[in-house]
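Remarks on the overall topology
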Amino acid sequence: MEYVDLHLHTTASDGVRSPSNLVNYAKEKELRAIAITDHDTIEGLDEAMTEGSKIGFEVIPGIEISAEYSPGSMHLLGYFLDIHHPLLNERLAYLQKARAERNPKIVEKLNRLGIKVTYEDVIKASGGGQVGRPHFAQVLLERGYVRSMQEAFERFLKKGAPAYHDKFRFKPEEAIHFIQGANGIAVIGHPNTLGANGMSELNALLSQLVKQGLKGIEVYYPEHSPSEVATYKLLAEKYGLVMTGGTDYHGIDGNDLDIGVGRGDMKLPYSIVEALKAARHQ
Ligand SMILES: [Zn+2]
Ligand SMILES: [Zn+2]
């Protein structure tokens, strides 16, 4: 049996490994294929795919888009993207611009709270990649304003905290539209973060997303309980969705989570990739 991992992050978003390093790591771990799904960006894909063809390893170009949804969060995964597609690139450039406008707002709010950080500090903490709230937390920790990353989120950065500033998100149908526009296939990621209240809400949501072009659901995910997995399997069957899976590996040491296997028991067969490829041509 040959295994895959379809949910991975690199330094192009908030992962630790560079795209080419991650591809080599996946090959070392004897996986058959991986998908790189960085948050709101395809920046790492060119490098990853070039490395993949160099070493003879299948890399599926993907993305993870944060969509507008409440009460929880909705992450839409896109697979087999044409990374040169103009609509995809235009929409992602728009997102990056919105993000760039958001971060200085967070700096302003922190400054007003008497915390002396500059945007340059945060950019430096990001190591040249995408700037996100974890980088703000890192700076607060380094400067001694908090004792842990978690405290930084709790006291300052989480939703509702005094330095929080909401980011722009596309509506789910918009994200599905530009994923499909770039010949990609849209999959709903880790549905357990949606905060959906019971089966009736999940049914209502999925039937709507399927009408908008959703083709798959991430059934296998380290944070899903066995009963959640069972529920998402039922829903996948009901709506004719491909059952996908991935570890959401970020390359962070010490959290017991590894590529391909998650917390040790994940085994995602290559047939998932074949099912996605088939769904792409439907
Ligand atoms: Zn996610
Ligand atoms: Zn992720």
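Residues numbered from 1 in each chain as written. Chains lettered and ligands numbered in written order. Predicted model: local features only at pLDDT ≥ 70, side-chain atom pairs only at ≥ 80, totals over all residues. Heavy atoms only, no water.

1. Some thoughts on the overall build of the protein chain
When helices and strands are tallied, the protein chain shows 10 helices and 7 strands. When the backbone C-alpha atoms are referred to their principal axes, the protein chain occupies close to 55 × 45 × 40 Å. Within the protein chain, the fraction of its 282 residues that count as buried is 50%. Considering only residue pairs separated by 6 or more positions, the protein chain has 71% of its internal contacts joining residues 24 or more positions apart. Across the protein chain, 31 positive and 37 negative side-chain charges occur, with their mean positions spaced 5 Å apart. (Helix = DSSP H or I, 4+ residues; strand = E, 2+ residues; numbered from the N terminus. Buried < 20%, exposed > 50% of the residue type's maximum accessible area, 1.4 Å probe, protein only. Contact = heavy atoms within 4.5 Å. Lys, Arg positive; Asp, Glu negative; His and termini not counted. Charge placed at Lys NZ, Arg CZ, Asp CG, Glu CD.)

2. Things to note about unusual backbone geometry
Working note: non-glycine residues mostly have negative phi, and peptide bonds are mostly trans. The amide bond that connects S70 to the next residue, P71, takes the cis arrangement and shows omega of 10°. Residue placement: P71 occurs in the loop between β3 (58-67) and β4 (74-79). In this model, F80 sits at a positive phi of 60°, which is unusual for a non-glycine residue. Residue placement: F80 occurs in the loop between β4 and α3 (86-112). Its identity is not glycine, yet D256 carries a phi of approximately 60°, on the positive side. Tracing the backbone shows D256 in the loop between β7 (242-245) and α10 (271-280). Note on D256: relative accessible area 65%, which makes it exposed.

3. Considering the coordination of the zinc ion (ligand 1)
For the zinc ion (ligand 1), the protein coordination sphere consists of E64 (OE), H75 (ND1) and H190 (NE2), at 2.1 Å. Counting the intervening residues between successive donors of the zinc ion (ligand 1) yields the motif E-x10-H-x114-H. Separating the zinc ion (ligand 1) and the zinc ion (ligand 2) is a distance of 3.6 Å, and E64 donates to both of them. Pair noted here: E64 is in strand β3 and H190 is in the loop between β5 (185-188) and α8 (198-212), with a separation of 126 residues, a long-range link. Judged by its relative accessible area of 4%, H190 is buried. (Donors = N, O, S within 2.8 Å, 3.2 Å for Na, K, Ca; no water.)

4. Topic: the pattern of salt bridges
Scanning all chains against the criterion turns up 15 salt bridges. Note that D40 and K167 form a salt bridge whose closest N and O atoms lie 3.8 Å from each other. On the criterion of sequence distance, the pair formed by D40 in the loop between β2 (33-36) and α2 (45-55) and K167 in the loop between α6 (149-157) and α7 (172-181) is long-range, its members being 127 residues apart. Between R112 and E108 there is a salt bridge, with the nearest N and O atoms lying 3.4 Å from each other. Linking R112 with E108, this pair stays in helix α3, spanning 4 residues, or about one helical turn. Looking at R112, the relative accessible area reads 65%, which means it is exposed. One continuous salt-bridge network, built from bridges that share partners, spans D40, R99 and K167. (Salt bridge = Lys/Arg side-chain N within 4 Å of Asp/Glu carboxyl O.)

5. Let's talk about the coordination of the zinc ion (ligand 2)
Protein coordination at the zinc ion (ligand 2): the donors are H7 (NE2), H9 (NE2), E64 (OE) and D248 (OD), at 2.0 to 2.2 Å from the metal. Relative to the metal, the 4 donor atoms surrounding the zinc ion (ligand 2) lie at angles of 83 to 173°, and the coordination shape comes out irregular. Of note, the donors binding the zinc ion (ligand 2) are all from one chain and are spaced H-x1-H-x54-E-x183-D. (Tetrahedral: all angles 85-135°; square planar, octahedral: opposite > 155°, others 65-115°.)

6. A look at the environment of A186
Relative to the assigned elements, A186 resides in strand β5. It is 42 Å that separates the C-alpha atoms of A186 and G144, two residues lying 42 residues apart in sequence. Aside from chain neighbours lying at most four places away, what touches A186 is L77, I176, I179, L214, K215 and G216.

7. Concerning the nonpolar core
In terms of nonpolar packing, the biggest core is built from 49 residues, with I34, I188, L206, L214 and I259 touching the most fellow members. No other element matches helix α9 (residues 226-239), which puts 5 residues into this core. Once residues lying within four places of it in the same chain are set aside, the contact partners of I34 are D5, L6, L8, L22, V23, A26, F57, E58, V59, I60 and I259. If you look at the next biggest cluster of nonpolar residues, it comprises 18 residues, including L6, A33, M266 and V273. (Core = buried A, V, L, I, M, F, W, Y, C linked by side-chain atoms within 4.5 Å.)

No statement about biological role is implied by the geometric values presented.
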